[in-house]
Amino acid sequence: MKLASAAARFILCLLAITLAGWSAPRVSGAEVQVDFVREIKPLLARRCFACHGPETGEGGLRFDSREAALAELDSGSYAIVPGDVDASELLARVTADEDSGMQMPPEGDPLTTAEIDTLRRWIEQGADWRKHWAFLPMQDVAPPTSQQNQWGENPIDAFVLARLEAADLQPNPPADRRTLIRRAYFNLTGLPPTRQQVEAFVRNESPDAWEQLVEQLLASPHYGEQWARHWLDVVRFAETNSFERDAAKPNAWKYRDYVIRSLNNDKPYDQFVREQLAGDELDEVTEDSIIATGYYRLGIWDDEPADPEQALADEKDDLISTTGQAFLGLTLGCARCHDHKIDPIPQTDYYAMMAFFADVTSYGDRGDQTGNNQWLFDTDEDRRARQALDERAQRIERERTSMEEVGVKRMSATDQRRSETGERQALLEEKLQRYLNSSEWQLYQETLARLERVRRERNALPAVQTALALARCEPTPPATHVMVRGNPHVLGDVVEPHFPHLFEVPEPSIPAAASDARSAGRRRVLADWIASPDNMLTARVIVNRVWQHHFGRGIVRSANNFGELGDPPTHPELLDWLAQWLIDHNWQLKPLHRLIMTSQTYRMSSAGNSRALEADPTNDLLWRFDMRRLSAEEVRDAALAAAGVLNDRVYGPSFYPTLSEEVLATQSHPGDGWGDSSPEEEARRSVYIHRKRSLLEPLLTAFDFPDIDSSCEARFATTQPQQALAMLNSAFMNQQAERLALRVQTASDDPVAESIRVVLGREPTYEEVAAGTQLIDRLQTHYDRTADEALRQWCLVVLNLNEFMYLD
């Protein structure tokens, strides 16, 4: 049934795409005001900007501003006359016959009836033209009052219910407790609850049983693992450089662990932002804040570029694009070669952002691939001691070499030449004593002993810890120029660091770096501005991401793009209220999770009803909770948990799952850079898998693990044959089925029933036990399978059930 439901939702989505875009359901007997931001601006951008955008303006018409759209055209007419549909040339053109040669747009499909009707009503209503919603300050809104206050006291419910009532829809009833605990466990920890945990929650009669469960899960160390994965997608976390050699990024795993640890400790989000962008420039620099600057070293890097200047510009572009999308929800990278085609971001704003990052050195160069990116953690005292011992060792080594040369000069010409090769040490061990007198040999032995003592003393010092970080900067970087058409070989005007003009904030004040500074100090200014409560996008973007991973999509579906081509918010007032709520609660995410999960909106059933499906098929109004399939990592981790072998150790270096020879052969150098891990390590959670850009784990990619070369705002949720093939035929799933079979066989006299209990967390039905028993019997009698093999195949079937793969 769940696969059928997923297919139905997919078909409904395809139907919805053919419409003009989302518009609020009409209340009977009332004319709904057309929303310019949600309905008109996206329509104009999608269907008209190609010919009438900010840089084209064919026929004298541009739709990038109200003034331009209402201006007189080259023909003397007006595209839009507010309040007068008949005088508006725009309506005449979009309704013209195709054969007339006057129809707009001139290519592609004509506007739909719904799109034309939306334009007509908008002009009739006065052609209201407001600034894009995301480029306005957050609104100070209060939760609306409702006719059904009994539905919930949570402010989130008030916003959702107000929209539902306006559309004459009702929210779904609550989901049952078994559904809720599974939903909560996977959303917060990415792991399934055990049967015992499910039963305990179902039997808990406390009025705050749900709140207790939420608190328990927020306190789990597995919370940080689950929610770190979402952030790692956004910042394109990987542990290798890509390109042909795809070499490893040493210590990249420490950045991943930093994210997990920050989330588990509920580090305020504004601090989380500052540490990643300027962790080396803060007033209090810590080991965590240094590791956080590994953010700058996560991107792809070519160790042998044909054009080094172009490669460096590409590195900076990757950094600017990722920073804009991750923290601000802006596609700044679109302004690299020219002014942004849609959003008010001129090319100079792009290079102003580059100027903030001017002190960020390249990841490395062919001759030194670690100096720029490996930070050494040691105290001044240890550093001085290490340096002094190294200098002593070097002096003693020179003495030793001089003594050795005395003996070498007394050897034959053949042996002297041999001393200049890789055989020198073998030669010295074999013959040196013959060519030194007794006093020389004694002195030589004493020198070796002194050298050994120094080395032991050096080794006794604390080991130097290193981390992937912004280890080397340019404290006095060169001027930043606009690159004409994005070409680093054609430089234009000099650009100073400034914030994008759409924010309408004063120019930053950046003091000159001191003579002994290790960085330029510019990134600290940028970080403080992004993390400021006055920034109109930062809080909106992060609360939208949190909402997205609870409900399957954000209030703004395009989580990386809050610009004019992004999706408009379905509940803009709720988005602003949540953003301000986060700021007021010290930017901490755990209270936000608590607020969302204790709402009635979160606890609704996912069941459908015909009336709501007809009025709001894509559930934009949130009349129900959306069903979802488990993510790639959740599938793998849940299988390990069901098999009873999940290693839940938190933190530490990544591990290498076993890959087939066929998979390893997909590399240019098969198996290069892929290690071996113990079975215990391979049973760790998927977030700890070594992320090699050229060699991703096949089971994860089958279930939509994202491309890790660029920021991923939301993963696809596909249904495709490779998933079924992987679940049935992969060595990993068959291994877990075998382990599950052994587990249930050991635990119960009825392994068929026990497999259902373990995997699905509930008692089996009579029909399920009968089906399992019949299958095992048939495998043994008709296909000559052993009892153990037949049980393993039944366990594989259970791991492929929709109830295992889907929530709700």
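The rules behind each value
Starting afresh in each chain, residues are numbered from 1 along the sequence in its written order. In keeping with the predicted nature of the model, local features appear solely for residues at pLDDT of at least 70, side-chain atom pairs appear and are counted solely at 80 or more, and the whole-chain, interface and lining totals rest on all residues. With hydrogens and water excluded, all non-hydrogen atoms of the structure serve as input to the side-chain values. Numbering of helices and strands runs from the N terminus, with a helix taken as a DSSP run of H or I at least four residues long and a strand as a DSSP run of E at least two residues long. Throughout, a residue-residue contact means that at least one pair of heavy atoms, one from each residue, lies within 4.5 Å. Values of accessible area rely on a 1.4 Å probe in the Shrake-Rupley scheme; residue burial ignores everything except the protein chains shown. For the domains described, the bounds stem from an automatic or database domain assignment. Criterion for a disulfide: a pair of cysteine sulfur atoms within 2.5 Å. Under the scheme applied here, a residue whose accessible area is under 20% of the maximum for its type counts as buried, over 50% as exposed, and between as partly exposed, the area being computed with a 1.4 Å probe on protein chains only. To define axes, lines are fitted to C-alpha atoms, for helices over the stretch in contact only, and angles between the resulting N-to-C directions are given on a 0 to 180 degree scale. These descriptions rest on fixed angle ranges, namely under 35 degrees for roughly parallel, over 145 for roughly antiparallel, 65 to 115 for roughly perpendicular, and the rest for oblique. Helix crossings get a hand from a simple test, with the near helix turned counterclockwise from the far one by less than a right angle marking a left-handed crossing and a clockwise turn marking a right-handed one. Residue type decides the class: Asp, Glu, Lys and Arg count as charged, Ala, Val, Leu, Ile, Met, Phe, Trp, Tyr, Cys and Pro as nonpolar, and the leftover types, Gly among them, as polar. Per-residue confidence from the predictor is reported as pLDDT, which spans 0 to 100. To qualify as a nonpolar core, a set must consist of buried Ala, Val, Leu, Ile, Met, Phe, Trp, Tyr and Cys residues joined through side-chain atoms within 4.5 Å. Each reported salt bridge corresponds to a side-chain nitrogen of Lys or Arg within 4 Å of a carboxyl oxygen of Asp or Glu. Any pair of nitrogen or oxygen atoms within 3.5 Å is treated as a polar contact; in protein, a donor-acceptor pairing is required on top of that, and neighbouring residues in sequence qualify only through side-chain atoms on both sides. To estimate the expected span of a helix, count its residues, drop one, and scale the result by 1.5 Å. We call Phe, Tyr and Trp rings a pair once their centres come within 6.5 Å, taking the six-membered ring for Trp, and we label the pair stacked below 30 degrees between planes, edge-to-face above 60, and tilted otherwise.

### As for the overall build of the protein
No. 1: Within the protein one finds 35 helices and six strands.
No. 2: For the protein, the C-alpha atoms occupy an extent of roughly 115 × 80 × 55 Å along the three principal directions.
No. 3: Contacts in the protein between residues far apart in sequence, at least 24 positions, make up 70% of those at least 6 positions apart.
No. 4: For the protein, the accessible area works out to roughly 36800 Å², and carbon and sulfur atoms hold 51% of it.

### Digging into the domain arrangement of the protein
Interfaces are frequently sized by the accessible area removed from exposure as the parts join.
No. 1: For the protein, the assigned domains read domain 1 (2–131), domain 2 (153–219 + 535–630), domain 3 (379–463) and domain 4 (635–702 + 719–808).
No. 2: The straight-line distance from the C-alpha centre of domain 3 to that of domain 4 is 57 Å.

### Structural notes on the state of the cysteines
No. 1: This structure, assessed with the given rule, holds zero disulfides.
No. 2: Free cysteine: cysteine 334, not disulfide-bonded; nearest cysteine sulfur from cysteine 337 at 10.0 Å.

### With respect to unusual backbone geometry
No. 1: Note the cis peptide between methionine 104 and proline 105, where omega equals -5°.
No. 2: Here proline 105 lies in the loop between α5 (89–94) and α6 (113–124).
No. 3: The phi dihedral of asparagine 251 falls on the positive side, at around 70°, and the residue is not glycine.
No. 4: Positionally, asparagine 251 belongs in the loop between α11 (221–234) and α12 (252–264).
No. 5: Its relative accessible area of 18% is what places asparagine 251 among the buried residues.

### Side note on the packing of helix α8 (residues 177–189) against helix α10 (residues 209–218)
No. 1: Two numbers describe how α8 lies on α10: the axes approach to 10 Å, and their chain directions differ by 25°. Classified by the interaxial angle, the pair formed by α8 and α10 is roughly parallel. Of the two elements, α8 crosses α10, and the hand of that crossing is right-handed. Here Arg177, Leu180, Ile181, Ala184, Tyr185, Leu188 and Thr189 of α8 lie close against α10, whose contacting residues are Ala209, Trp210, Leu213, Val214, Gln216, Leu217 and Leu218.
No. 2: Residues of the contact of α8 with α10, tallied by class, amount to 11 nonpolar, two polar and one charged.

### Remarks on the confidence of the model for the protein
No. 1: The pLDDT averaged across the protein works out to 92; a share of 96% of its residues lies at or above 70.
No. 2: When the criterion is pLDDT under 50, residues 1–29 qualifies, and its contacts beyond four places in sequence or with other chains add up to 40 contacts.

### Considerations on the nonpolar core
No. 1: The biggest cluster of nonpolar side chains holds 197 residues, and the ones touching the most others in it are Phe63, Trp122, Trp231, Tyr255, Phe327 and Leu578.
No. 2: Considering every element that reaches this core, the biggest residue donor is helix α23 (residues 572–584), with eight residues.
No. 3: Setting aside residues no more than four positions away along its own chain, tyrosine 255 makes contact with Trp231, Leu232, Val235, Phe237, Gln276, Ile291, Ala292, Gly294, Tyr295 and Leu298.
No. 4: By size, the runner-up hydrophobic cluster in this structure holds eight residues, among which are Met403, Val408, Leu428 and Tyr444.

### With respect to the environment of aspartate 128
No. 1: With respect to the helices and strands, aspartate 128 occurs in the loop between α6 and α7 (155–166).
No. 2: By relative accessible area, which is 34% here, aspartate 128 ends up partly exposed.
No. 3: With 91 residues separating them along the chain, aspartate 128 and valine 37 place their C-alpha atoms 9.6 Å apart.
No. 4: Residue contacts for aspartate 128: discarding those within four places in its chain leaves Phe36 and Trp122.

### Details of the environment of serine 711
No. 1: With respect to the helices and strands, the residue serine 711 is situated in the loop between α29 (698–702) and α30 (721–729).
No. 2: Separated by 478 residues in the primary sequence, serine 711 and aspartate 233 have C-alpha atoms spaced 6.3 Å apart.
No. 3: In contact with serine 711, not counting residues within four places along its chain, are Asp233, Val234, Arg236, Gln325 and Asn560.

### Details of the pattern of salt bridges
No. 1: This structure, assessed with the given rule, holds 67 salt bridges.
No. 2: With its nearest N and O atoms 3.5 Å apart, the salt bridge here joins glutamate 115 to arginine 46. Taken as a pair, glutamate 115 in helix α6 and arginine 46 in helix α2 (residues 36–47) lie far apart in primary sequence, 69 residues in all.
No. 3: One salt bridge in this structure joins arginine 523 and aspartate 359, with 3.0 Å as the shortest N-O distance. Here aspartate 359 lies in the loop between α16 (347–356) and β1 (374–377) and arginine 523 lies in helix α21 (residues 522–530), a separation of 164 residues in the sequence.
No. 4: One salt-bridge network, in which partners are shared between bridges, spans Asp270, Arg274, Asp283, Arg524 and Asp528.

### Concerning the side chain of arginine 523
No. 1: You can call arginine 523 buried: its relative accessible area is 0%.
No. 2: In this structure the side chain of arginine 523 is engaged in a polar contact, spanning 2.8 Å, whose partner is the side chain of aspartate 280.
No. 3: Among the polar contacts listed, one links the side chain of arginine 523 to the side chain of aspartate 359, at a separation of 3.0 Å.
No. 4: Discounting residues that sit within four places of it in the chain, arginine 523 has contacts with Leu277, Ala278, Asp280, Glu281, Tyr296, Phe356, Phe357, Asp359, Val360, Leu470 and Cys473.

### Some thoughts on helix α31 (residues 731–747)
No. 1: In this model, α31 (17 residues) spans 24 Å end to end at C-alpha, consistent with the 24 Å of a helix rising 1.5 Å per residue.
No. 2: Along α31, the residues that are buried comprise Phe732, Met733, Asn734, Gln736, Ala737, Leu740, Ala741 and Val744.

### Considerations on the packing of aromatic side chains
No. 1: Taken as a whole and judged by the stated rule, the model has 29 aromatic pairs.
No. 2: Aromatic side chains phenylalanine 36 and tryptophan 129 sit 4.7 Å apart centroid to centroid with 35° between the ring planes, which places their arrangement in the tilted category. Here tryptophan 129 lies in the loop between α6 and α7 and phenylalanine 36 lies in helix α2, a separation of 93 residues in the sequence.
No. 3: Classification of tryptophan 129 by relative accessible area gives buried; the value is 15%.
No. 4: Between phenylalanine 503 and tryptophan 529 the ring centres are 4.7 Å apart and the planes differ by 85°, which places this aromatic pair in the edge-to-face class. Of the two residues, phenylalanine 503 is situated in the loop between β4 (491–495) and α21 and tryptophan 529 in helix α21; the sequence distance between them amounts to 26 residues. In this pair, the class of phenylalanine 503 matches that of tryptophan 529, namely buried.
No. 5: The structure contains a cluster of three or more aromatic residues connected by ring pairs, namely Trp231, Phe237, Tyr255, Tyr258, Tyr269, Phe272, Tyr295, Tyr296, Phe327, Phe357 and Trp587.

### So, the packing of α7 against α23
No. 1: Where α7 meets α23, the closest approach of the two axes is 9 Å, and the angle between their N-to-C directions is 165°. The pairing of α7 with α23 is recorded here as roughly antiparallel in orientation. The interaxial crossing formed by α7 with α23 has right-handed handedness. Residues Pro155, Ile156, Phe159 and Val160 of α7 pack against Glu573, Leu574, Trp577 and Leu578 of α23.

### Re the environment of proline 110
No. 1: Looking at where proline 110 falls in the secondary structure, it is placed in the loop between α5 and α6.
No. 2: Relative accessible area serves as the criterion here: at 39%, proline 110 is assigned to the partly exposed category.
No. 3: Separated by 63 residues in sequence, proline 110 and arginine 47 have C-alpha atoms that sit 9.1 Å apart.
No. 4: Other than its neighbours up to four places away in sequence, proline 110 contacts Arg47 and Gln103.

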